[in-house]
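Observations on the three-dimensional arrangement
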Amino acid sequence: MGELEDAVMTRVWKWNRPVTVREVLEDLQQERSIAYTTVMTVLDNLHQKGWVRREAEGRAYRYEAVSTRAAYAAALMNEAWSQSDNPAAALVAFFGMMSEEQRVALRDAVRMVQGPESSEVTPETPSDTAEENPGSARESGGR
């Protein structure tokens, strides 16, 4: 997404409702000089790319986001990660760039994905598993 597309999408995400070209234009004009047709073209491009949906309202359209900014950020991270020839090293490098606040947010997100029961369960060691089910290690090629 380009810089102007991001500026437009930032408003669409922030307002979290269907918006008109005029509304986006007026807000953008507080920061920069920009033409109505430029904003209309950007919103049309975002529609063609699948980032916004639009619904006719008279002779104009109202645009709304198809997904959240968080989903967009996740898609960017996933795309970058999938292009790495060494995903583990890429993650380690990424984690190294994170602030402490971001690492806390990451830990919280992992807990949310794992669910509440995972915080009470300790990971099993291979010896714990073998002791509870002695046949499983032999059947899977162990011991």
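Residues numbered from 1 in each chain as written. Predicted model: local features only at pLDDT ≥ 70, side-chain atom pairs only at ≥ 80, totals over all residues. Heavy atoms only, no water.

We now examine the overall build of the protein chain. The number of helices and strands found in the protein chain is 8 helices and 2 strands. Contacts in the protein chain between residues at least 24 apart in sequence constitute 38% of all its contacts with a sequence separation of at least 6. Total accessible area computed for the protein chain in this model is approximately 10300 Å², and 54% of it derives from carbon and sulfur atoms. (Helix = DSSP H or I, 4+ residues; strand = E, 2+ residues; numbered from the N terminus. Contact = heavy atoms within 4.5 Å. Areas by Shrake-Rupley, 256 points an atom, 1.4 Å probe, with all protein chains shown as cover.)

This part is about the nonpolar core. By size, the foremost hydrophobic cluster in this structure holds 19 residues, and its most contacted members are Val8, Val24, Leu28, Val39, Leu43 and Leu46. A total of 5 residues in this core trace back to one element, the largest contributor, which is helix α1 (residues 3–15). When near neighbours in sequence (up to four residues on either side) are disregarded, leucine 43 contacts Val8, Val21, Val24, Val52 and Tyr63. (Core = buried A, V, L, I, M, F, W, Y, C linked by side-chain atoms within 4.5 Å. Buried < 20%, exposed > 50% of the residue type's maximum accessible area, 1.4 Å probe, protein only.)

On to the layout of surface pockets, then. For the largest pocket, the calculated volume is near 260 Å³. In terms of lining residues, the largest pocket is bounded by Ala74, Met77, Asn78, Ala80, Trp81, Ser84, Ala90, Leu91, Phe94 and Phe95. Broken down by secondary-structure element, the contributors of at least two residues to the lining of the largest pocket are α4 (69–82) and α5 (87–97). Broken down by element, the lining of the largest pocket gets its largest block of residues, 5 residues, from α4. Of the residues contributing to the lining of the largest pocket, the split by class is 8 nonpolar, 2 polar and no charged. (1 Å grid on protein atoms, 1.4 Å probe; cavity = no way out; pocket = protein on both sides within 12 Å on 5 of 7 lines; lining within 4 Å. Points joined across faces, edges and corners; volume = space filled by probe spheres on them. Nonpolar A, V, L, I, M, F, W, Y, C, P; charged D, E, K, R; others polar.)

Time to look at α1. Given a rise of 1.5 Å per residue, 13 residues ought to cover 18 Å, and the 19 Å separating the end C-alpha atoms of α1 matches this to within 8%. If you check which residues of α1 are buried, you get Glu5, Ala7, Val8, Met9, Arg11, Val12 and Trp13. Each element contacted by the buried residues of α1 is listed here: α2 (21–28), α3 (36–49), β1 (52–57), β2 (60–65) and α4. In the stretch just after α1, asparagine 16 is the one whose phi turns positive, near 50°. (Expected span 1.5 Å × (residues − 1).)

Let us look at a nonpolar patch on the surface. Residues Met77, Phe94, Phe95 and Met97 make up a contiguous nonpolar surface patch of roughly 430 Å² in combined accessible area. Residue contributions to the nonpolar patch peak at 3 residues, all from α5. The residue phenylalanine 95 is located in helix α5 in this model. (Patch = residues over 30% accessible without salt bridge, like charges linked within 9 Å, V, L, I, M, F, W, Y side chains within 5 Å. Salt bridge = Lys/Arg side-chain N within 4 Å of Asp/Glu carboxyl O.)

Time to look at the side chain of glutamate 5. Considering the arrangement of structural elements, one finds glutamate 5 in helix α1. For glutamate 5, a relative accessible area of 10% gives the class buried. Among the polar contacts made by the side chain of glutamate 5, one reaches the side chain of lysine 49 at a distance of 2.7 Å. (Polar contact = N/O pair within 3.5 Å; in protein donor to acceptor, adjacent residues only side chain to side chain.)

Quick look at the confidence of the model for the protein chain now. Across the protein chain, pLDDT averages 83, with 80% of residues at or above 70. For the protein chain, per-element mean pLDDT is lowest for helix α8 (residues 134–139), which scores 42, and highest for α2, which scores 97. Within the model, pLDDT remains below 50 along residues 121–143, and this stretch shows 8 contacts once partners closer than five positions in the same chain are excluded. (pLDDT = per-residue confidence, 0-100.)

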